[in-house]
Amino acid sequence: MIRSFTLALAVLTAPAVQAQPASNDAQLAALAETAREASGSPAAAVMLWQNGEARIGVTGVRATGSDIAVTPDDLWHLGSDTKAMTATLAARLVERGVIAWDDTIGERLGGAIEEIDPAYSGLTFRHLFSHRAGLPANIGMVDMVRFQMEGTGGRPMPEQRLDYAARILRTGPAAEAETEFLYSNAGYVIAGAMIEQATGESWETLMVREVFEPLGMASAGFGPPGSADEIDQPRGHRSGLLGGLTAVPPGPRADNPPVLGPAGTVHVSLADLGRYLQAHIAGERGEGGDYLTAESWHTLHTAPFGGDYAFGWGLQNGRLLHAGSNTMWFVQIVMDPQNDRAVVIAFNDGRTDRVAPTMAPIFQALLATPD
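This structure is a prediction, so every number in the text was calculated from the model and none was measured.

Here we come to the overall build of the chain. For the chain, the helix and strand inventory stands at 14 helices and 11 strands. A compact globule built from 371 residues should have a C-alpha radius of gyration of about 21 Å, and the chain, at 19 Å, falls within 12% of that. Each of the three principal axes of the chain carries a C-alpha extent, and together these read 55 × 50 × 35 Å. Among the 371 residues that make up the chain, the fraction classed as buried is 57%. Across the chain, the fraction of contacts at a sequence separation of at least 24, relative to all contacts at a separation of at least 6, is 72%. About 13900 Å² of surface is accessible on the chain, with carbon and sulfur atoms providing 50% of the total. The positive charge centre, built from 25 side chains, and the negative charge centre, built from 42, are 4 Å apart in the chain.

Put into structure tokens, the structure is as follows:
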């Protein structure tokens, strides 16, 4: 299942297009190698985004058992870091009047789903994006397998997401709405289904048009990066039956089912991720340009019902942070808007207990003081 972890560390941002291949920053590569060696991961990457450009350091191999080195331009699976992108998409549609933050599940899905537990019908995008809807974390495993088997070769994604929403919305709440925080991938899938019903377009199509293209994220896509017949991108890794790690080639076993897209299936290069983070940093600093209004940025970065979780971002001492993993990758982001910077640390290894402890010294070193 998709996992997300809000570890107390860093993120950064800024716009600038690198037309040529990125160079491997020696200082950041050394930091990445320290983390890679300590975790036993096949590869690790560190990005510092500041002053309108990315510095990227990478180390290791794309797949265990191979000698193909990762490069600064490689793609990384973001897992639950996708969530803030889904909320960013929603903000674009709110500004256009297509949806509203206070649209309810009943209003957007009641005409398409026969049975919605009354506890959910009056809840809004604000509840879903802040994990305050009381929804279970995920759909049941039997249903998850069903969607995994269907994948991208079955029904259209909006139909699958509507089905997913119907299955979980007829179950009772797992927490008290609004007053309790319960991290829920299902909530983001339901929000995606609401957006699809409002627009008549798939979440994937909307993400490309409203997020990737305007923010210059040409490398962004969905699902595991690369191809199955050659190691042309890093591969995610899972623990082997006899220990060690096994590289998982792109395919149905390399990611959660595509129906979970709004909760966590985006992949992207680190430089393009930096462009997206820059938009959020600039927006938080009141320098957001014309992509979104100051009001929209404030909504995205504010916990609507208290606590320390906004719309896809954890909040900590003025920083916005999140982490994502589909159990085969791990990417931690921390943004520091006050100092106009962000740091990202990425692994093609989802063993949280191994990778998480290696990151704190890197974030501390890169975020301690502004240059």
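A few words now on the pairing of strand E11 (residues 341-347). Of all 7 residues in E11, 7 are buried, a share of seventy percent or more. Alternating positions in E11 separate into two faces, Arg341, Val343, Ile345 and Phe347 on one and Ala342, Val344 and Ala346 on the other, with burial throughout. The pairing of strand E1 (residues 43-50) with E11 spans 7 bridges and is classified as antiparallel. Counted as the bridge partner of alanine 45 is alanine 346 from E11. As judged from the 7 bridges shared by strand E10 (residues 330-336) and E11, these two strands associate in the antiparallel manner. Considered in E11, the bridge of valine 334 is made with valine 343.

With their axes 12 Å apart at the nearest point, helix H2 (residues 82-95) and helix H11 (residues 270-284) run at an angle of 55 degrees to one another. As the angle between them shows, H2 and H11 are arranged oblique. Two packed elements cross with a definite hand, and for H2 against H11 that hand is left-handed. Taking contact as the criterion, the partners of Ala84, Met85 and Thr88 in H2 are, on H11, Leu273, Tyr276 and His280. Class assignment for the residues of the contact of H2 with H11 results in 4 nonpolar, 2 polar and no charged.

This brings us to the sheet that holds E1. Backbone-to-backbone hydrogen bonds pair the strands of a sheet. The strands run either parallel or antiparallel. A sheet is described by the order of its strands in space; here 6 strands give the open sequence E2-E1-E11-E10-E9-E8, paired in antiparallel fashion. For this open sheet the edge positions go to strand E2 (53-60) and strand E8 (314-316), each flanked by a neighbour on one side alone. The mean angle between the axes of side-by-side strands here comes to 15 degrees, regardless of whether they run parallel or antiparallel. Across the sheet, helix H14 (residues 360-367) is in contact with E1, strand E9 (319-324), E10 and E11; its angle to E11 comes to roughly 160 degrees.

Once that is clear, we can look at the packing of H2 against helix H8 (residues 185-199). In contact at an axis separation of 11 Å, H2 and H8 are set at 30 degrees when each is read in the N-to-C sense. Considering the angle they form, H2 stands roughly parallel to H8. Both H2 and H8 take part in a crossing whose hand is left-handed. Where H2 approaches H8, its residues Lys83, Thr86, Ala90 and Leu93 are matched on the opposing element by Asn185, Tyr188, Ile195 and Thr199.

Membership of the largest hydrophobic core comes to 87 residues, with the highest contact counts inside it found for Ile105, Leu109, Leu169, Ile190, Leu273, Tyr276 and Leu277. In this structure leucine 109 touches Ile116, Leu162, Ala165, Leu169, Ile190, Ala193, Met194 and Gln197, once residues within four positions along its chain are discounted. Counting residues in hydrophobic clusters, the runner-up holds 20 residues, among them Leu48, Val343, Ala356 and Leu367.

Relative to the helices and strands, arginine 62 resides in the loop between E2 and strand E3 (75-77). Here the side chain of arginine 62 touches aspartate 74 through a polar contact of 2.7 Å, side chain to side chain. In terms of polar contacts, arginine 62 uses its side chain to reach the backbone carbonyl oxygen of aspartate 232, at 3.2 Å. When residues no more than four places from it in sequence are discounted, the contact partners of arginine 62 are Ile68, Ala69, Val70, Thr71, Asp74, Ile231, Asp232, Gln233, Pro234, Arg235, His237 and Asn348.

Attention now goes to H8. With 15 residues, H8 should cover 21 Å at 1.5 Å per step; its first-to-last C-alpha distance of 21 Å lies within 8% of that length. Counting buried positions over the 15 residues of H8 gives 12, a clear majority of the element. Every buried residue of H8 is listed here: Asn185, Ala186, Gly187, Tyr188, Val189, Ile190, Ala191, Gly192, Ala193, Met194, Ile195 and Glu196. N-cap assignment for H8: the residue whose side-chain oxygen lies 3.3 Å from the backbone N of alanine 186 is serine 184.

Scanning all chains against the criterion turns up 12 aromatic pairs. Residues tryptophan 101 and phenylalanine 129 carry aromatic rings whose centres are separated by 6.2 Å and whose planes lie at 80 degrees to one another, so their mutual orientation is edge-to-face. A residue pair is termed long-range when its members are at least 10 positions apart, and tryptophan 101 in the loop between H2 and helix H3 (105-109) and phenylalanine 129 in helix H5 (residues 125-129) qualify at 28 residues. Here tryptophan 101 and phenylalanine 129 have matching classes, each one buried. When the ring of tyrosine 291 is compared with that of tryptophan 297, the centres are 6.2 Å apart and the planes differ by 35 degrees; the resulting orientation is tilted. In this structure, tyrosine 291 and tryptophan 297 share a single accessibility class: buried. Pairwise contacts between aromatic rings join Trp101, Phe125, Phe129, Tyr188 and Phe311 into one cluster. Over the ring of tyrosine 188 we find lysine 83, and its NZ or CZ is 5.7 Å from the ring centre.

What counts and what doesn't
- Residues numbered from 1 in each chain as written.
- Predicted model: local features only at pLDDT ≥ 70, side-chain atom pairs only at ≥ 80, totals over all residues.
- Heavy atoms only, no water.
- Helix = DSSP H or I, 4+ residues; strand = E, 2+ residues; numbered from the N terminus.
- Rg over C-alpha atoms; globule rule 2.2 N^0.38 Å.
- Buried < 20%, exposed > 50% of the residue type's maximum accessible area, 1.4 Å probe, protein only.
- Contact = heavy atoms within 4.5 Å.
- Areas by Shrake-Rupley, 256 points an atom, 1.4 Å probe, with all protein chains shown as cover.
- Lys, Arg positive; Asp, Glu negative; His and termini not counted.
- Charge placed at Lys NZ, Arg CZ, Asp CG, Glu CD.
- Pairing = 2+ DSSP bridges.
- Axes fitted to C-alpha atoms, helices over the stretch in contact; angles between N-to-C directions.
- Parallel < 35°, antiparallel > 145°, perpendicular 65-115°, else oblique.
- Left-handed = near helix turned anticlockwise from the far one by under 90°.
- Nonpolar A, V, L, I, M, F, W, Y, C, P; charged D, E, K, R; others polar.
- Core = buried A, V, L, I, M, F, W, Y, C linked by side-chain atoms within 4.5 Å.
- Polar contact = N/O pair within 3.5 Å; in protein donor to acceptor, adjacent residues only side chain to side chain.
- Expected span 1.5 Å × (residues − 1).
- Phe/Tyr/Trp six-rings, centres within 6.5 Å; stacked < 30°, edge-to-face > 60°.
- Lys NZ or Arg CZ within 6 Å of the ring centre and 35° of its normal.

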